[in-house]
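Read off the chains here:
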Amino acid sequence: MATVRYFAAAEDAAGRATEPSDAVTLGALRAELVDAHPALGVVLDRCALLVDGARVDDDFALAGAGTVDVLPPFAGG
């Protein structure tokens, strides 16, 4: 089971900072998140999703993953 961590606008849309997920793939996780938190549908398409710190494709298997970070675009320097 992975821990999904939300940041900035994604946290606002999800209404929480973290939650567990047992989704099988990253693509399945995306669908699960939008189903659970409809407001994420607007934000999620612009977010980077990092699995244990690495950017991966939607078909990436989440078995053994520790964290999935949902990072909206950030501005600043």
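Before reading on, note that the structure itself is shown above.
Everything in this summary refers to the structure shown in the same document.

The rules behind these values
- Residues numbered from 1 in each chain as written.
- Predicted model: local features only at pLDDT ≥ 70, side-chain atom pairs only at ≥ 80, totals over all residues.
- Heavy atoms only, no water.
- Helix = DSSP H or I, 4+ residues; strand = E, 2+ residues; numbered from the N terminus.
- Rg over C-alpha atoms; globule rule 2.2 N^0.38 Å.
- Buried < 20%, exposed > 50% of the residue type's maximum accessible area, 1.4 Å probe, protein only.
- Contact = heavy atoms within 4.5 Å.
- Areas by Shrake-Rupley, 256 points an atom, 1.4 Å probe, with all protein chains shown as cover.
- Lys, Arg positive; Asp, Glu negative; His and termini not counted.
- Charge placed at Lys NZ, Arg CZ, Asp CG, Glu CD.
- Polar contact = N/O pair within 3.5 Å; in protein donor to acceptor, adjacent residues only side chain to side chain.
- Core = buried A, V, L, I, M, F, W, Y, C linked by side-chain atoms within 4.5 Å.
- Pairing = 2+ DSSP bridges.

Focus on the overall build of the protein
Regarding its fold elements, the protein presents three helices and five strands. Reading the secondary structure of the protein in the N-to-C direction produces β-α-β-α-α-β-β-β. Its C-alpha radius of gyration of 11 Å places the protein within 12% of the 11 Å reference for a compact globule of 77 residues. Relative to its full complement of 77 residues, the protein shows a buried share of 35%. Here the contacts in the protein between residues at least 6 apart in sequence split such that 52% fall between residues at least 24 apart. Counting only carbon and sulfur atoms, one obtains 53% of the accessible surface of the protein, whose full area is about 4300 Å². For the protein, the centre of its 5 positive side-chain charges and the centre of its 12 negative side-chain charges are spaced 6 Å apart.

A few points about the side chain of Glu 19
By secondary structure assignment, the location of Glu 19 is in strand β2 (residues 18–21). A distance of 2.5 Å separates polar atoms of two side chains, one belonging to Glu 19 and the other to Tyr 6. A polar side-chain atom of Glu 19 sits 2.7 Å from a polar atom in the side chain of His 37.

Some remarks on the nonpolar core
Ranked by size, the top nonpolar core spans 20 residues in total, and within it Tyr 6, Leu 29, Val 68 and Val 70 carry the most contacts. Secondary-structure elements contributing two or more residues to this core are β1 (2–6), α1 (8–14), α2 (26–36), α3 (40–44), β3 (48–51) and β5 (67–71). Leaving out residues up to four positions away in the same chain, Leu 29 has contacts with Val 4, Ser 21, Ala 23, Leu 62 and Val 68.

Focus: the side chain of His 37
Position of His 37 relative to the elements: it lies in the loop between α2 and α3. Dropping the residues within four chain positions of it, His 37 is found in contact with Tyr 6, Ala 13, Ala 14, Arg 16 and Glu 19.

Things to note about the sheet that holds β5
Spatial ordering of the open sheet is given by β2-β1-β5-β3-β4, a layout of five strands whose pairing is mixed. The open sheet has two edge strands with one neighbour each: β2 and β4 (54–55). Here β3 pairs with β5 via four bridges, running antiparallel. Residue pairing for β5: Ala 48 is matched across the bridge by Leu 71.

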